[in-house]
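Structural description and commentary
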Protein chains: 2
Amino acid sequence: MSRSAPYDRDTAIDAAMALFWQKGFHATSLKDLEAKLAMKPGSIYAAFTSKEKLYLLALERYFAQSRSGFREQVARAASPLEAMADHLRAYARLAPNDMSRQACMLTKTLIDTRATDPTIAAMTRDYLTAIQNEFAAVFAAAKEAGELADDADPDRLARRFQANVTALRLALHQGMAAKDFAQLSEDMAAEIENLRVKLA
Amino acid sequence: MSRSAPYDRDTAIDAAMALFWQKGFHATSLKDLEAKLAMKPGSIYAAFTSKEKLYLLALERYFAQSRSGFREQVARAASPLEAMADHLRAYARLAPNDMSRQACMLTKTLIDTRATDPTIAAMTRDYLTAIQNEFAAVFAAAKEAGELADDADPDRLARRFQANVTALRLALHQGMAAKDFAQLSEDMAAEIENLRVKLA
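The following refers to the structure shown.

Definitions and cut-offs
- Residues numbered from 1 in each chain as written.
- Chains lettered and ligands numbered in written order.
- Predicted model: local features only at pLDDT ≥ 70, side-chain atom pairs only at ≥ 80, totals over all residues.
- Helix = DSSP H or I, 4+ residues; strand = E, 2+ residues; numbered from the N terminus.
- Buried ≥ 20, exposed ≤ 12 C-beta atoms within 10 Å, placed from the backbone.
- Core = buried A, V, L, I, M, F, W, Y, C linked by C-beta atoms within 7 Å.
- Contact = placed C-beta atoms within 7 Å.
- Axes fitted to C-alpha atoms, helices over the stretch in contact; angles between N-to-C directions.
- Parallel < 35°, antiparallel > 145°, perpendicular 65-115°, else oblique.
- Nonpolar A, V, L, I, M, F, W, Y, C, P; charged D, E, K, R; others polar.
- Least-squares fit on C-alpha atoms with pLDDT ≥ 70 in both.

**With respect to the overall build of chain A**
Counting secondary structure elements, chain A contains nine helices and zero strands. In sequence order, chain A lays out its α and β elements as α-α-α-α-α-α-α-α-α. Taken along the three principal axes of its C-alpha coordinates, chain A extends 70 × 35 × 35 Å. Relative to its full complement of 200 residues, chain A shows a buried share of 38%.

Structure, rendered in C-alpha cells:
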C-alpha cells in the first residue's frame, strides 16, 4: 500500500476497526490482520508501522464515527432532552447484524489494555472523557432550553448517562433477550424524561 | 504439584485468579503463570491440563467468592432493600489497593472471550445469570417484607441493578475521580431507596 492510495488506506483502517473491535487488541494476530485487510505483513508494517499504531488509528476512527453519529441524532431530535432519551431507546432498535450489538469499542479496549498497554489505555480514557463531554453539552443545552431544573448539573448527569450507555451495550454484548433489553433501555429513557421540569 | 496437596492447589488457583482478572485470558502468557504460581510449565499442565481449564477454575473461584461476599452483605443489612443500596455505596468505600477497583472479572471475561473462546464465554454468561438471580431473590424478599410495591418485578429490578453494578465497576476501572464516583454510586443507591413504599 503506497502513501498515494488514501482510499485503500481508509478501507484498511475500517477493516482493522471491525476486526479489532470484535476480537480485541491481544487476540488479534498479524495473520488475522493480513486476511481481513487483504495485505501482506510487509505492506501492513510499511503503511501503519506497528499493530499498536494501527490499533490507535482504528480507535480514532471509532471515536470519530461515534461522535458524529451522536451529533446527527441530536440534530434530528425534537429537543436536547429527547435526544438523550432517544439515544438510549435506539439501542433496542439495532438491526440483528449491527456491529454495535457488542460492547462499546472504548470499553472493550480499556478492559483489554489497562494492565498491558498504557499508551492505548490513556488514549481510550481521553476518548471516553470526550464522549462524556458531548453528553454534558447536550444536558447543558437542555438546561438552557428550560427542560431541566436550574440546579441540574450537566456533568453529573453526563456521568450517569455514560454509565447507562455502557451498561446497555454490555447487556447487548451479553446477549440479553430482546424483550428484557427493550424494557431495560426504556427504564433508562424514562429516568431521563423524569428529569424534565413539569410545566405549571 | 501433586494431587495430594490441596492447599497448594487452592493457593495456585487464587494466584491464577488474580493474574487472569488483571491481564485477561489472552494477554496472560504461560510465562506469566509460571512466575505468579511459582510452578514449572510441566507442573502447571499436570495439575490443570490447559490454560483454558485453569481459567475456568479461576472464574469459578471468582464467582463463588463474589456470591458469598454478596450473601454476607445481605445477611448483615438492616433490610433487603438496604442491602441493595449498601451494595452500590460499598464500591465507593473500597480500599485504594482493593482488587475490586477493576472491572468485574465476569464482564472482563465476556469482553475478552466472546469472539474467541465459546466455552469460557458460555460459562461466564451462566455465572452472570446466577448473580442476577441472587439480586432478584433479594428484591423478592424486599417485596415480601413490604418494602416494595405489590407490582414490583424482581427480575426487572435485578437486570437494572446488575447494569448499575457493571457500570459502577467500569467507572472504577476507568479511574473516575473519587468525588465523582461517590456521587455516581449515591445517585444509583438513591434510585433503589426511591423504590421503597412510603408508609402512610
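**Details of the nonpolar core**
With 108 residues, the main nonpolar core has A:Leu168 and B:Leu168 as its most contacted residues. A:Leu168 has contacts with A:Leu88, A:Tyr91, A:Leu184, A:Ser185 and A:Met188, leaving out every residue within four places of it along the chain.

**Some thoughts on the packing of helix α5 (residues 80-90) of chain B against helix α7 (residues 118-144) of chain B**
Residues and elements named next belong to chain B. Contact geometry of α5 with α7 gives a least axis separation of 7 Å together with a crossing angle of 140°. The angle between the axes of α5 and α7 places the two elements in the oblique class. Between α5, through Pro80, Leu81, Ala83 and Met84, and α7, the contact on the second element is made entirely by Val138, Ala141 and Ala142. Looking at the contact of α5 with α7 residue by residue, the classes come out as seven nonpolar, no polar and no charged.

**Digging into the interface of chain B and chain A**
At the interface, 32 residues of chain B touch 32 residues of chain A. At the level of elements, α1 (6-23), α6 (105-113), α7, α8 (154-174) and α9 (178-193) of chain B are the ones that each hand at least two residues to the side of chain B that touches chain A. Looking at the side of chain B that touches chain A element by element, the count peaks at eleven residues for α8(B). Taken together, the residues that form the side of chain B that touches chain A break down as eleven nonpolar, eleven polar and ten charged.

**Looking at the relation of the copies chain B and chain A**
With an axial shift of 0.0 Å and an RMSD of 0.0 Å, the rotation relating chain B to chain A amounts to 180°. Interpreted geometrically, this transformation is the action of a two-fold axis. Across chain B, the smallest distance between a C-alpha and the rotation axis is recorded for B:Ala167, namely 2.7 Å. Both copies present the same face, since 100% of the interface residues in chain B are matched by interface residues at the equivalent positions in chain A.

**Side note on the environment of B:Tyr62**
Residues and elements named next belong to chain B. Considering the arrangement of structural elements, one finds tyrosine 62 in helix α4 (residues 51-76). On the neighbour-count criterion, tyrosine 62 (23 C-beta atoms within 10 Å) is buried. Contacts of tyrosine 62, omitting those with residues within four sequence positions, involve Met17, Trp21 and Met105.

**Digging into unusual backbone geometry**
Residue and element names in this part refer to chain A. Despite not being glycine, alanine 38 shows a phi value in the positive range, around 50°. Tracing the backbone through its elements, the reader meets alanine 38 in the loop between α2 (30-37) and α3 (41-48). Residue classification places alanine 38 among the exposed residues on the basis of 12 C-beta atoms within 10 Å.

**Some words on the packing of α8(B) against α9(B)**
Residue and element names in this part refer to chain B. It is at 11 Å that the axes of α8 and α9 come closest, and there the two elements cross at 175°. When the axes of α8 and α9 are compared, the pair comes out roughly antiparallel. On α9, the residues that touch Asn164, Leu168, Ala171 and Leu172 of α8 are Phe181, Leu184, Ser185 and Met188. When the residues that make up the contact of α8 with α9 are grouped by side-chain class, the tally is six nonpolar, two polar and no charged.

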